[in-house]
Amino acid sequence: MEYRLPKDIDMTQQASWCPGCGHGIVCRVIAEAVSELGVSDRIITVDDVACGQFGQFALKYNTVMSAHGRTIPVAAGIKNARPDALVIARPGDGSAYSIGIESTLYSAIRNDNILAIVINNSVFGMTGGQMSPTSLPGMKTSTTPFGRDEKKDGSMVDIAKILGQTDMAYLARCAVNTPANIEKTKKAIKKALTKQMNGEGFCLIDILSMCPTNWKMSEADACEFIRNTQSSYLPLGEFVDRGGEE
């Protein structure tokens, strides 16, 4: 097991994420996957105006900041302009599945040759923990203090059900709440980047991530919430895997 920081990540700057947040773990896993594939010089990331934007201070890659909800179409545009680059969009669930849902859907329909890594904590994290499309039934947020009422607020979104019938290259859901799940997340990222290198098309990895601040629970309880509750509504696994790679 390799415990040294990968050369692609810089943790000397002040971290801006809340204690227990999964964003930093995702950044490290991206850096490990990219370093192991030996493609550090080809990576361009696209960050959203949200919690994920602080990744630009941790990851040593060229980064473009997009408008909120527009990371995926911006990433597709960059890929069209720089087909040699490996482009990674890093939105959250509120960005990718709310304001940006049409962009997410049509990138899958067009099979844009990019990777979208969606950090899914079931709330709008940066703006105060409001209900997002993936907030669970009965989940308390700043805008649903008595719990999400599906009759009033609508049902939650499972992106695997929306995109699963498209001809996209790869669709998976992972988590970063345990060491074993973190390793599976890295494996999925490496697989998706390999598919992009092979020109197979659109890859999206939905990553269940802790948000102790907005979930109003301890870091340990947030990890258990993913294991016992969030993943029961949003099951982990690979849902689409095309292009001949097993």
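Conventions used here
Along each chain, the written sequence defines residue order, and numbers are assigned to residues from 1. In view of the model being predicted, local features appear only for residues whose pLDDT reaches at least 70, and side-chain atom pairs are presented and counted only at 80 or more, with totals across whole chains, interfaces and linings using the full set of residues. Side-chain measures were taken over the full set of non-hydrogen atoms in the model, leaving aside hydrogen atoms and water. Only strands that DSSP links by at least two bridges are regarded as paired with each other. Runs of H or I in DSSP of at least four residues are treated as helices and runs of E of at least two as strands, each being numbered from the N terminus. Between N-to-C directions, angles cover 0 to 180 degrees, with each direction set by a line fitted to C-alpha atoms, over the stretch in contact for helices. Definition of nonpolar core: a set of buried residues of the types Ala, Val, Leu, Ile, Met, Phe, Trp, Tyr and Cys, connected through side-chain atoms within 4.5 Å. Categorising residues by exposure relies on relative accessible area from a 1.4 Å probe, with only protein chains included: less than 20% of the type maximum marks a residue as buried, more than 50% marks it as exposed, and the intermediate range marks it as partly exposed. For this analysis, residues touch if any pair of their heavy atoms sits within 4.5 Å. Working rule for helices: expected span equals 1.5 Å times residues minus one. Values of bend correspond, residue by residue, to the angle between axes fitted over the seven residues ending at that residue and the seven starting there. What counts as a salt bridge is simple: a side-chain nitrogen of Lys or Arg found within 4 Å of a carboxyl oxygen of Asp or Glu.

Novice: Would you explain the sheet that holds strand S9 (residues 237–241) in this entry?
Specialist: The strands that make up a sheet are held in pairs by hydrogen bonds between backbone atoms, and each pair lies either parallel or antiparallel. If you trace the seven strands from one edge of the open sheet to the other, you get S2-S1-S3-S4-S8-S7-S9, paired in mixed fashion. At either margin of the open sheet sits one strand with a lone partner, and together these are strand S2 (62–65) and S9. Sheet twist, expressed as the mean angle between neighbouring strand axes with direction ignored, is 20°. Summarising the sheet, strand S7 (residues 170–175) and strand S8 (residues 203–208) pair through six bridges and their orientation is parallel. By the bridge assignment for S8, Leu171 is matched with Leu204.

Novice: How should the nonpolar core be read in this particular structure?
Specialist: Within soluble globular proteins, side chains that are nonpolar generally end up buried alongside one another. Among the nonpolar cores identified, the biggest contains 46 residues, and Ile30, Leu115, Ile117, Ile189, Ile205 and Trp215 are the most heavily contacted of them. When contributions to this core are tallied by element, the ones reaching two or more residues are helix H1 (23–37), strand S3 (86–90), strand S4 (115–120), S7, helix H7 (179–197), S8 and helix H9 (219–233). It is H1 that provides the largest number of residues to this core, a total of seven residues. Setting aside residues up to four positions removed in sequence, Ile189 forms contacts with Val29, Ile30, Ala33, Leu115, Ile117 and Ile205. If you look at the next biggest cluster of nonpolar residues, it comprises 23 residues, including Ala76, Ile78, Ala85 and Ala96.

Novice: Looking at this structure, how should I read H9?
Specialist: Each α-helix winds once per 3.6 residues, and so residues spaced three or four apart point in a common direction. Spanning 15 residues, H9 covers 20 Å between terminal C-alpha atoms, matching the ideal 21 Å at 1.5 Å per step. Largest kink in H9: about 45°, centred on Ile226. Three or more residues of H9 are buried, namely Ala222, Cys223, Phe225, Ile226, Gln230 and Ser231. The inward-facing, buried residues of H9 abut S4, S7, S8 and helix H8 (212–215).

Novice: I would appreciate a short explanation of the pattern of salt bridges in the present structure.
Specialist: Where charged atoms from two side chains of opposite charge approach closely, those side chains can pair. Taken as a whole, this structure holds 15 salt bridges when the rule is applied. In this structure, Glu36 engages Lys190 in a salt bridge whose closest nitrogen and oxygen atoms are separated by 2.9 Å. With Glu36 in helix H1 and Lys190 in helix H7, this pair connects stretches of sequence that are 154 residues apart. Of the charged contacts, one joins Lys195 and Glu200 as a salt bridge, the two residues approaching to 2.9 Å between their closest N and O atoms. With respect to burial, Lys195 and Glu200 carry one shared label: buried. Among the ionic contacts, a cluster of salt bridges with common partners joins Arg28, Glu32, Glu36, Lys186 and Lys190.

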